[in-house]
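# Residue-level structural notes
Chain by chain, the residues run as shown.
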Amino acid sequence: MTIAAKFEIEYLQYLDAEGKQVRDDLPEFAKDLGHMVELYKLMLSTRVFDAKSIALQRTGKLGTYASCLGHEAAHVGIGSAMRPEDVYAPSYREYGAQLYRGVQPREVYMYWGGDERGNDYQKEPARHDFAWSVPIATQCLHAAGSALAFKIRGEKRVAVCTIGDGGSSKGDFYGAINIAGAQNLPLVAVIVNNQWAISVPRKIQSGAPTLAQKGIAAGLFSIQVDGNDIIAVRKAMEDALERARSGQGGSVLELVTYRLGDHTTADDARRYRGEQEVKDGWAKEPMKRLRNWLVAKKVWDDAKEEAWKAECDEWMDNEVNAYLETRTQPVSAMFDYTFAEVPADLAKQRDYVLSLENKAH
Amino acid sequence: MAQITLIEAVTQALAYEMAHDPSVVVLGEDVGVNGGVFRATQGLQEKFGELRVLDTPLDETTIAGVTVGLAVQGMKPVAEAQFEGFIYPMMEQIACHAARMRNRTRGRLTVPAVWRAPWGGGIRAPEHHSEANEHLFTNIPGLRVVMPSSPARAYGLLLAAIRDPDPVMFFEPKRIYRQYKEEVPDDGEALPLDVCFVLRDGADVTIVTWGAQVKEALEAADALAAEGISAEVIDVATLTPLDFDTIAESVQKTGRCVIVHEAPKTAGFGAEIAARVAEECLYDLLAPVERVTGFDTHIPLFRLEMKYLPSVERVVDAAKRTLAAS
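On a predicted model such as this, the values are computed, not experimentally measured, just so you know.

## A word on the overall build of chain A
Of regular secondary structure, chain A possesses 15 helices and eight strands. In terms of principal-axis extent, the alpha carbons of chain A reach across some 75 × 55 × 40 Å. For chain A, with 361 residues in total, the buried portion stands at 49%. For chain A, the proportion of contacts with a sequence separation of at least 24, taken over those separated by at least 6, is 74%.

In structure tokens form, the structure reads like this:
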């Protein structure tokens, strides 16, 4: 028998669900315990932020909101590995990565609170990142196009996109990794496999035993990672970014995690999944293992946890207030950003709406 | 100065802008070595290299989405859809991202991109190669829809489209790609993207059209002139945003309006123009508005396609009906 090609998919994990190290070769960044504490703190603030968002929605102060509960290691791992000059194209729940890159909680609230200004990220490097992408997997091609721009201009920058397990079924995802392989583009495509695409489980998305192996078809480096282990996520991301930056091509990372919450606040996951499965998901969640590991290293404890939570609460309360104090945009804002300059024909419609406003006041 | 065809004017505009603006790149299927299936990008890869004239994988979704990404990073991509019948997979990227990027980010990110597509029927092409679907794009906010009908307008409008800070659909009527030649100076002069072109002055009836039908409209105007009827011909080369003022001015003068387009009648862009005429010029009208269009059927395969496309005779008949009415 002649074999035309062979492949295998590595699985990367450093910390198990209890926070025990399963391998000794810790990456450099993980030897810096101060840095690991910083990562833990951002994961915790992401969780506090998420809880605050859901509370806002439940009290009618926010529209539909997509929670990131359980994705903290995956998202913070992605954001913390990227350099400022890189470009991020998220879907719509990767707050942990985005907070790291300068998106402000008030901007997230603004977007889900029905105001386009939430997409106008004020702080770099988020300011040059893409905004949330609601049409599934379409953002992967924006990242591929960005990577192509970097290659054409000879810039040492990398484009990173994230999608879910469901998103990996879409042609846009394949199109992005395919052109990245064909043109050797600096693209890192991350599948955050949280097992559920609203009500549809992972097994219905694909018959492939791993989603990572989809990258093999495109000729990309491909790896499956414990997405609840931030050391593994960060390490896989750093390696992928380095390969891309040095011209060695793109990667597909499958981060295996679990969506602990509903798809969005408009969803009720009890309709389609059992309690035991969610319990198992909580047993493997990302905060506990890192906390155990840091406590064992004597760099974290309950007092620090409570103090940081209190700080996060105060931070989020500030952000909520800033959001709630924002005035609704003037009605002309509907027209002002349709084109660089409002065309004469459209200006007539704008003037009509403004005349209605003036009549009302 | 050389006389060139419409398709050669497209090539000339691309070459001019690529030579003067390093951020302009061309991408699509077969645009590289082959120079495009109609030769619109002939010689460009030799001049500007494989990265700036990029043969993509055979996937329209990829072409459209990568174009959005390039444009957001400050490039000025000119993507080619090989035929307008293959443009449908691109529509999600165009409608959900390209056309709304500026709006949804309050101007933080923009998409200065052009999508070119050979458009329309009448060249005895296979199925899916002869569609007229500009009306599917004219209803998308934030998008410009442009269709030249002469070599000079192809050159000037394509330069304008590439330089425009917003996304532009640039439909090229392939039936008249090589219909005639004219002198087009390669001077980098763009045409405005927001005015209709009055191609012929007339007093009795206004014929409003665009794309390949400009040919039939002008021939109809000749035929009408031979019978003593003076027809004004307007080329709506920039469909959206629409310059209705030029059309209104003409209809107010002639009192009669015949709209000619190749796409199906119902909800074609002619319906919008007819509605605007009703809104703004009703009391100037001496006769009901006429529409001469494709039918509400799929364009037939090529044995019958000329029966589908508006003919000179149908345009002349419609114009005469408006004159018979009053």
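Additional details are given in the paragraphs that follow.
## Re the overall build of chain B
When helices and strands are counted, chain B shows 12 helices and 14 strands. In summary, chain B has a C-alpha radius of gyration of 19 Å against a globular reference of 20 Å for 326 residues, a match within 12%. The buried share of chain B, taken over its 326 residues, is 60%. Considering only contacts within chain B whose residues lie at least 6 apart along the sequence, 80% involve residues at least 24 apart.

## Thoughts on the sheet that holds strand β9 (residues 197-200) of chain B
Residue and element names in this part refer to chain B. If you trace the five strands from one edge of the open sheet to the other, you get β9-β11-β10-β13-β14, paired in mixed fashion. A single partner strand is all that each edge strand has here, and the edge strands are β9 and β14 (290-294). Across this sheet, the average inter-strand angle for adjacent strands is 25°, counted without regard to direction. Pairing geometry for strand β13 (residues 257-264) and β14, over five bridges, is parallel. Paired with Pro264 across the two strands is Gly294, which belongs to β14.

## Topic: the domain arrangement of chain A
Here chain A is partitioned into domain 1 (10-328) and domain 2 (331-360). Here domain 1 of chain A and domain 2 of chain A have C-alpha centroids that lie 38 Å from each other.

## Observations regarding the nonpolar core
Judged by nonpolar contacts, the single largest core of 201 residues is most densely connected at Ala144(A), Ala176(A), Leu187(A), Leu253(A), Ile207(B) and Ala319(B). For this core, the leading source of residues is helix α10 (residues 230-245) of chain A, giving nine residues. Among all residues touching Ala319(B), those that are not within four sequence positions of it are Val205(B), Ile207(B), Ala220(B), Leu224(B), Ile229(B), Ala231(B) and Val258(B).

## So, the interface of chain A and chain B
Counting residues at the interface gives 31 residues for chain A, matched by 36 residues for chain B. Elements with a minimum of two residues in the side of chain A that touches chain B: α6 (138-153), α7 (171-183) and α15 (344-360) of chain A. Among the elements that line the side of chain A that touches chain B, the one with the most residues is α6(A), at 10 residues. Split into classes, the residues belonging to the side of chain A that touches chain B amount to 16 nonpolar, nine polar and six charged.

## So, the domain arrangement of chain B
Residue and element names in this part refer to chain B. By domain assignment, chain B separates into domain 1 (3-183) and domain 2 (197-325). On a C-alpha basis, the centroid separation for the pair domain 1 and domain 2 is 26 Å. Looking at the side of domain 1 that touches domain 2, the elements with two or more residues in it are α6 (135-138), β6 (144-146), α7 (151-163) and β7 (168-173). Of all the elements, β6 adds the most residues to the side of domain 1 that touches domain 2, at three residues. Split into classes, the residues belonging to the side of domain 1 that touches domain 2 amount to 12 nonpolar, nine polar and seven charged.

## A closer look at the UniProt feature "domain: Transketolase-like pyrimidine-binding" (unreviewed entry) in chain B
Here the UniProt-annotated "domain: Transketolase-like pyrimidine-binding" (unreviewed entry) positions come out as residues 4-179 of chain B. Helix makes up 38% of residues 4-179 of chain B and strand 16%, and the two end C-alpha atoms of the span are 10 Å apart.

## What about the environment of Val331(A)?
All names here are of chain A. Along the polypeptide, Val331 turns up in the loop between α13 (302-324) and α14 (333-336). Take Val331: there are 13 C-beta atoms within 10 Å of it, and that puts it in the partly exposed class. Counting along the chain gives 26 residues from Val331 to Glu357, while the straight-line C-alpha distance between them is 8.0 Å. Apart from the residues within four sequence positions on either side, Val331 is in contact with Val353, Leu354 and Glu357.

## A short note on the pairing of strand β3 (residues 159-164) of chain A
Note on strand geometry: in a regular strand, side chains alternate between the two faces of the sheet. All names here are of chain A. Extensive coverage of β3 is indicated by the burial of six of its six residues. Both faces of β3 are covered, namely the face carrying Ala159, Cys161 and Ile163 and the face carrying Val160, Thr162 and Gly164. Alignment of strand β2 (residues 87-89) against β3, held across three bridges, turns out to be parallel. If you follow Tyr88 over to β3, its bridge partner there is Val160. Across six bridges, the pairing between β3 and strand β4 (residues 187-193) is parallel. Note on β4: the bridge partner recorded for Gly164 is Val192. With α7 bridging β3 and its parallel neighbour β4, the resulting β-α-β unit is right-handed.

## Describing α6(A)
Residues and elements named next belong to chain A. Taking 1.5 Å of rise per residue, the 16 residues of α6 would be expected to cover 22 Å, and the 24 Å separating its terminal C-alpha atoms lies within 8% of that figure. Within α6, 13 of the 16 residues are buried, which leaves the element mostly enclosed by the surrounding structure. After α6 finishes, the residue Gly154 shows a positive phi value of roughly 70°.

## Some details on the pairing of β13(B)
All names here are of chain B. Burial analysis of β13 places eight of its eight residues in the buried class, the great majority of the element. As judged from the four bridges shared by strand β10 (residues 205-209) and β13, these two strands associate in the parallel manner. Looking across to β13, one finds that Thr209 is bridged to Val260.

## Some words on the sheet that holds strand β2 (residues 24-28) of chain B
Residues and elements named next belong to chain B. Ordered by their spatial adjacency, seven strands build an open sheet running β3-β2-β4-β5-β7-β6-β12, and the pairing between neighbours is mixed. The sheet is open, and its two borders are formed by β3 (53-55) and β12 (238-240), each paired with just one other strand. Shown here is a sheet whose adjacent strand axes are inclined to one another by a mean of 20°, direction ignored. Pairing between β2 and β3: three bridges, direction parallel. Each residue of the ladder has a partner; that of Gly28, found in β3, is Asp55. Each of β2, β4 (76-80), β5 (114-119), β6 and β7 touches α7; the most contacted strand, β7, lies at about 160° to it.

## Observations regarding the packing of α6(A) against α7(A)
All names here are of chain A. Between α6 and α7, whose axes approach to 7 Å, the crossing angle comes to 20°. The angle between the axes of α6 and α7 places the two elements in the roughly parallel class. Helix-helix and strand crossings are classified by hand; for α6 and α7 the assignment is left-handed. For the pair formed by α6 and α7, the contact residues are Thr138, Cys140, Leu141, Ala143, Ala144, Ala147, Leu148 and Lys151 on the first element and Asp172, Phe173, Gly175, Ala176, Ile179, Ala180 and Gln183 on the second. Of the residues that constitute the contact of α6 with α7, the class distribution is 10 nonpolar, three polar and two charged.

Calculation notes
Residues numbered from 1 in each chain as written. Chains lettered and ligands numbered in written order. Predicted model: local features only at pLDDT ≥ 70, side-chain atom pairs only at ≥ 80, totals over all residues. Helix = DSSP H or I, 4+ residues; strand = E, 2+ residues; numbered from the N terminus. Buried ≥ 20, exposed ≤ 12 C-beta atoms within 10 Å, placed from the backbone. Contact = placed C-beta atoms within 7 Å. Rg over C-alpha atoms; globule rule 2.2 N^0.38 Å. Pairing = 2+ DSSP bridges. Axes fitted to C-alpha atoms, helices over the stretch in contact; angles between N-to-C directions. Domains from an automatic or database assignment. Core = buried A, V, L, I, M, F, W, Y, C linked by C-beta atoms within 7 Å. Nonpolar A, V, L, I, M, F, W, Y, C, P; charged D, E, K, R; others polar. UniProt positions renumbered as here; feature names shortened; annotations may be inferred. Right-handed = clockwise from strand over helix to strand, strands pointing away. Expected span 1.5 Å × (residues − 1). Parallel < 35°, antiparallel > 145°, perpendicular 65-115°, else oblique. Left-handed = near helix turned anticlockwise from the far one by under 90°.

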